[in-house]
Amino acid sequence: MNKKRLLIIDDDSRNIFALEHTLRAKSFDCLSCLSAEEALRILSTDQNIDAILIDMMMPEMDGYDAIPLIKALPDRRSTFVIAVTAQAMIGDKEKCLDAGADDYISKPVDVDKLLLILSKI
């Protein structure tokens, strides 16, 4: 069985480090970047990406703006996108899903919940 490949997009390298460490230990292959702009460059290539974890609050281009652009890429329409946010207020999940995310998880990330979400890919 091939490892699932994830793209982690977060402007905080500490969050990337923690997610990569945890997910690699669970047999995921991880690629990461620090901005939505960089992610769009990566996703415009033919790189195999099974799912995307995107921080919703980033400078310059946040996840709310980036997800529709990601989903507009011809080869990425069906790529599974998980919104990751420190915002855990009423309506935030719906706002993320309305932006085009396929699922949502709040920070601090509950690893068991994240693995359950990733079992869908």
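Heads up: these notes are all about the structure in this document. (Residues numbered from 1 in each chain as written. Predicted model: local features only at pLDDT ≥ 70, side-chain atom pairs only at ≥ 80, totals over all residues. Heavy atoms only, no water.)

## So, the sheet that holds strand E5 (residues 103-106)
Consider a sheet: its strands pair through backbone hydrogen bonds, and that pairing is either parallel or antiparallel.
Then, number 1: Pairing is parallel across the open sheet formed by five strands, whose spatial order is E2-E1-E3-E4-E5. Sheet topology places strand E2 (29-33) and E5 at the edges, where each strand pairs with a single neighbour. The mean angle between the axes of side-by-side strands here comes to 20 degrees, regardless of whether they run parallel or antiparallel.
Then, number 2: Lying over the sheet, helix H1 (residues 13-25) contacts strand E1 (5-9), E2 and strand E3 (51-55), oriented at roughly 170 degrees with respect to E2. (Pairing = 2+ DSSP bridges. Helix = DSSP H or I, 4+ residues; strand = E, 2+ residues; numbered from the N terminus. Axes fitted to C-alpha atoms, helices over the stretch in contact; angles between N-to-C directions. Contact = heavy atoms within 4.5 Å.)

## Section: the pairing of E1
Then, number 1: In terms of residue burial, E1 counts as a mostly covered element, since five of its five residues are buried.
Then, number 2: Every second residue of E1 is oriented toward a common face, with Arg5, Leu7 and Ile9 on one face and Leu6 and Ile8 on the other, all of them buried.
Then, number 3: Note that E1 and E2 share five bridges and pair parallel. Each residue of the ladder has a partner; that of Ile8, found in E2, is Ser32.
Then, number 4: With H1 bridging E1 and its parallel neighbour E2, the resulting β-α-β unit is right-handed. (Buried < 20%, exposed > 50% of the residue type's maximum accessible area, 1.4 Å probe, protein only. Right-handed = clockwise from strand over helix to strand, strands pointing away.)

## As for the state of the cysteines
Structurally, a disulfide amounts to a covalent bond that connects the sulfur atoms of two cysteines.
Then, number 1: According to the stated counting rule, one finds zero disulfides in the structure shown.
Then, number 2: We note that Cys30 lacks a disulfide partner, and the nearest cysteine sulfur, in Cys33, lies 12 Å from it.
Then, number 3: Since its relative accessible area comes to 5%, Cys30 is described here as buried.
Then, number 4: Of all cysteine sulfurs in the structure, the one in Cys33 sits closest to Cys96, which takes part in no disulfide; the separation is 17 Å.
Then, number 5: Exposure remark for Cys96: the relative accessible area of 0% places this residue in the buried category. (Disulfide = S-S within 2.5 Å.)

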